[in-house]
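Examination of the molecular architecture
What follows is the residue order along each chain.
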There are 2 protein chains.
Amino acid sequence: MNKYRVIGIDIGGTNTKIGLVDADGVCLTKKIIKTADYIALESYIEVIVTTVNKLLALFNVEESFKGIGIGAPNGNHYKGTIEYPPNLPWKGVSPIVELLKRHFDTEIILTNDADAAAMGEMIYGAAKGKKDFIVITLGTGLGSGIVVNGEIVNGHDGFAGEIGHSIIEINGRDCGCGRKGCLETYCSATGLINTYIELLKKNNSYPPVNNTIIDSLYIYQQALKGDKLAIEAFDFTGEMLGIGLANAVVYTSPDTIILYGGLANAKEMIFSPTIKSFNNNLMNLYKDKVRIIPSGLKEDDAAILGAASLISHRI
Amino acid sequence: MNKYRVIGIDIGGTNTKIGLVDADGVCLTKKIIKTADYIALESYIEVIVTTVNKLLALFNVEESFKGIGIGAPNGNHYKGTIEYPPNLPWKGVSPIVELLKRHFDTEIILTNDADAAAMGEMIYGAAKGKKDFIVITLGTGLGSGIVVNGEIVNGHDGFAGEIGHSIIEINGRDCGCGRKGCLETYCSATGLINTYIELLKKNNSYPPVNNTIIDSLYIYQQALKGDKLAIEAFDFTGEMLGIGLANAVVYTSPDTIILYGGLANAKEMIFSPTIKSFNNNLMNLYKDKVRIIPSGLKEDDAAILGAASLISHRI
């Protein structure tokens, strides 16, 4: 019986989630730290090392420890680095794997967070047995992991799969990447918020009463209550996402697109307009061949499982 | 010494080119037939069979004959069919490989014409030794062949790589595929002609004197003569193509994009505005990593060599 354990680390703009995962894909224990609290990369690495050691000690993991998988925005699979991330505290190139290797004598693999999510879906989730699929992560931004013929597409430099930065509207909204009209400026939590605020302004209802803080959860709750502008914001987000996904299909012709992450939790509110627009905008050649479905990973642990699967995949 | 011979067939909307190719990638002899002259698929197959047999007899090719490679628009690599081609006489699904198999006891492989071009570039042309690249064919439409990690991307159904039908302008120009704003409505011979006509109209110069027939060669010659509207038409085509290619990079992160086909023969007239727009619109992550270059195949025989390489690749 191979009762191995791996550590999965999901580095996000807000939280870093560190979990200990067993051979069956169960997250045994986890800890969350606030990424932005660690402006200096050294102090961030220090807290990661301390946390990983604590989790390992908690379960008496010794020989059964098989490695650390890491998912990170702008993660470079080939080099083990995070490069020029717009939403993390450390600018330039951060050699995460090299720095962690000084503390752990084990296999450490880092990749783009969305690629980790795609691997997680293939090993434990909704893409078991699938060979051509795309995972779209809808969070603060829009990330993507593309799988072709059973392999994650890394590209020549390790940075393939940035569908969030395909230009969907020439001279459209300003994007954090410095350009305009990228898909993620419309189809992400940030995009949804901006759309809702635009609609409120058009309707002379901005700023909202009581200075309510508008986040994607608030818009979702408003939409559930029947707030027409909130529903319109979701519809527009789905309309744009459907076009973006119809565009994605012409590249690698997947049979499945998995929507994953915070915004995907809005379920029908986002799936329904997305699928409608997708079908309206899909080239005839691909009609009725592509399913858009939710993640098959347990929500709280999904990103940790994705990161862990980078190691599990090789055992 | 393996002196094998293969037949390469390039099926195009205007011409079908059939060539006999030797082991060194030299096209020994070829014949061109007018595709549109054969409204019935049966008569088209008949002329193909007759022509192939003539070419084989001409060079006394017997045991050394190793197969037939075919590149065709909307070609399905998995099934050997051409499916719903907008610019060919035969509607629906045409089982080309099956029909030819009744006449030839040899290996017959059919694929999308742009995928055949990509294979040709990898075996004989500008992509020798490359593992992540894209070939864009600029003809009547815009085709594409995507190579990831040394393999052509076929997708789950064999129809991956239709970059010409990514939507670049929401509610943009009408496309032959029934939708609007596809990249090929701007970046193809047809797109160039429509852009030039739009510019002539804006300038109250349409129809042109002497009822000149406006094709892409005419626009190119006008541009060479310094016709400002012709130059502007090329600039706009390149501007849109640069955005389309910058979008393509975020999917598979290639290090090379090869422009191939009729419009690419306009050289600097199309390359210069395309590369300028590409660099302006490329996400920072990919800056200075991607070259846009012309085909490395001898122009007249390029499509035949691409088709032939489908067989050569397997020998």
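What counts, and at which threshold
- Residues numbered from 1 in each chain as written.
- Chains lettered and ligands numbered in written order.
- Predicted model: local features only at pLDDT ≥ 70, side-chain atom pairs only at ≥ 80, totals over all residues.
- Heavy atoms only, no water.
- Contact = heavy atoms within 4.5 Å.
- Buried area = accessible area lost by both parts, 1.4 Å probe.
- Salt bridge = Lys/Arg side-chain N within 4 Å of Asp/Glu carboxyl O.
- Helix = DSSP H or I, 4+ residues; strand = E, 2+ residues; numbered from the N terminus.
- Pairing = 2+ DSSP bridges.
- Least-squares fit on C-alpha atoms with pLDDT ≥ 70 in both.
- Buried < 20%, exposed > 50% of the residue type's maximum accessible area, 1.4 Å probe, protein only.
- Right-handed = clockwise from strand over helix to strand, strands pointing away.

Listed per partner, the contact involves 41 residues of chain A and 41 residues of chain B. It is His156(A), Ile170(A) and Tyr251(A) in chain A that bury the most area against chain B; as a group they hold 22% of the surface buried on that side. For Lys289(B), the salt bridge identified is with Asp157(A), shortest N-O distance 2.8 Å. Of all elements in the fold, only strand S10 (142-148) and helix H6 (228-252) of chain A reach the threshold of two or more residues within the side of chain A that touches chain B. In terms of residues, the side of chain A that touches chain B owes the most to one element, H6(A), which gives eight residues.

This next bit is on the sheet that holds strand S5 (residues 75-76) of chain B. All names here are of chain B. Spatially, S5-S6-S7 is the arrangement adopted by the three strands of the open sheet, whose pairing is antiparallel. Every other strand in the sheet has two partners, leaving S5 and strand S7 (93-94) as the edge strands with one partner each. Of the strand pairs in this sheet, strand S6 (residues 81-83) and S7 are connected by two bridges, and their pairing is antiparallel. Bridge assignment links glutamate 83 to a residue of S7, and that residue is valine 93.

With that settled, consider the relation of the copies chain A and chain B. Placing chain A over chain B gives an RMSD of 0.0 Å and needs a rotation angle of 180°, together with 0.0 Å of translation along the axis. Expressed as a symmetry operation, the mapping of one chain copy onto the other fits a two-fold axis. Looking at the interface residues of chain A, 100% of them are also at the interface in chain B, so both copies use one shared face.

Here the focus is the pairing of strand S12 (residues 256-260) of chain B. All names here are of chain B. Counting buried positions along S12 gives five out of five residues, so the element sits mostly inside the fold. Both faces of S12 are covered, namely the face carrying Thr256, Ile258 and Tyr260 and the face carrying Ile257 and Leu259. Of the strand pairs in this sheet, S12 and strand S13 (residues 291-294) are connected by four bridges, and their pairing is parallel. Residue pairing across strands places leucine 259 opposite proline 294, the latter belonging to S13. Note on the crossover from S12 through helix H7 (residues 268-281) to S13: the handedness is right-handed.

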